[in-house]
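This is what each chain is made of:
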Amino acid sequence: MVYKQVYPTKGNLLNTKKSLELARTGYDLMDRKRNILIKKMMSLIKNAEELQDLIYKTYEEAYKMLGNAVVTLGNIDDIARLIPVENSVNVSFLSVMGVEIPEITLETKEIKNYFGYDQTNSLLDEAYIKFEEVKRYTVMFCEIENAVFYLAHGIKKTQKRANALKSVIIPRFEYIVHYITNALEEKDREEFFRMKVLKKKKLID
């Protein structure tokens, strides 16, 4: 076996024991990291479910308000074009146990009446405010959804490393320690037997 290529010396035994201890510590850290990431991801998933329900409800209210506004104002395509394109979404990254997850924020702006008062009414204003609310909820949901994706990827990588330590690296070092220990013990027994024979021979001589 490849492990027997390691020369059985006390120095190699000491070094292998140190490597084994480091591997076990590494596994404990990977296992702890995985559990923390899973806990964080499950918390976000719960928040996402609640937020998704809120988005559906708010969208329903917003479209109902918009429908009421259209009934009273007629076609509002020209009015809608007066509202500027949203460009205040910012993305940064936060490290959670070494996993970079995105933070998506929407700059807080004062809600303005871009379409004036002479050709609109309060129903359109209410619809606009409600859609602004939906927009903020959607940004929050996108942040959570992306964070869950990155966390899931981090969990997968961590699990893979933990499995490698547990199933390959740690057993390998344990085998080497066992092999060197047995080889040294056998060497000590041979040396003891040799010394015993020499001592007996001297007594006979």
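For clarity, every value in this text was computed on a predicted model and none was experimentally measured. Per chain, residues are indexed from 1 in the order of the written sequence. Thresholds applied to this predicted model are a pLDDT of at least 70 for local features of residues and 80 or more for the giving and counting of side-chain atom pairs; totals over whole chains, interfaces and linings are not thresholded and use all residues. Where side-chain values are given, they derive from all heavy atoms of the structure, hydrogens and water being excluded.

## Here's the deal with unusual backbone geometry
Here is step 1: Although it is not a glycine, M97 adopts a positive phi angle of roughly 55 degrees.
Here is step 2: Any residue under 20% of the maximum accessible area for its type is buried, any over 50% is exposed, and the rest in between are partly exposed; the area is computed with a 1.4 Å probe on protein chains only. For M97, a relative accessible area of 38% translates into the label partly exposed.

## A word on the side chain of K33
Here is step 1: By secondary structure assignment, the location of K33 is in helix α1 (residues 10-73).
Here is step 2: No salt bridge is formed by the buried K33; its nearest oppositely charged neighbour, E100, is found at 9.9 Å.
Here is step 3: Working rule for contacts: check all heavy atoms of both residues, and any pair within 4.5 Å makes them a contact. Not counting residues up to four positions away in its chain, the partners in contact with K33 are M97, V99 and T158. Only DSSP runs of H or I with at least four residues qualify as helices, and only runs of E with at least two residues qualify as strands; both kinds are numbered from the N terminus onward. Under the convention used here, Asp and Glu are negative, Lys and Arg are positive, and both His and the chain ends fall outside the count. Every case where a carboxyl oxygen of Asp or Glu lies within 4 Å of a side-chain nitrogen of Lys or Arg is listed as a salt bridge.

## What about the pattern of salt bridges?
Here is step 1: What the rule picks out here adds up to 6 salt bridges.
Here is step 2: As a salt-bridge pair, E174 and R24 come within 2.9 Å of each other at their nearest N and O atoms. Of this pair, E174 sits in helix α3 (residues 122-204) while R24 sits in helix α1, and the two are 150 residues apart along the sequence.
Here is step 3: By relative accessible area, E174 is classed as partly exposed at 35%.
Here is step 4: According to the relative accessible area criterion, R24 is partly exposed, its value standing at 35%.
Here is step 5: R189 is paired through a salt bridge with E186; the nearest N and O atoms lie 2.6 Å apart.

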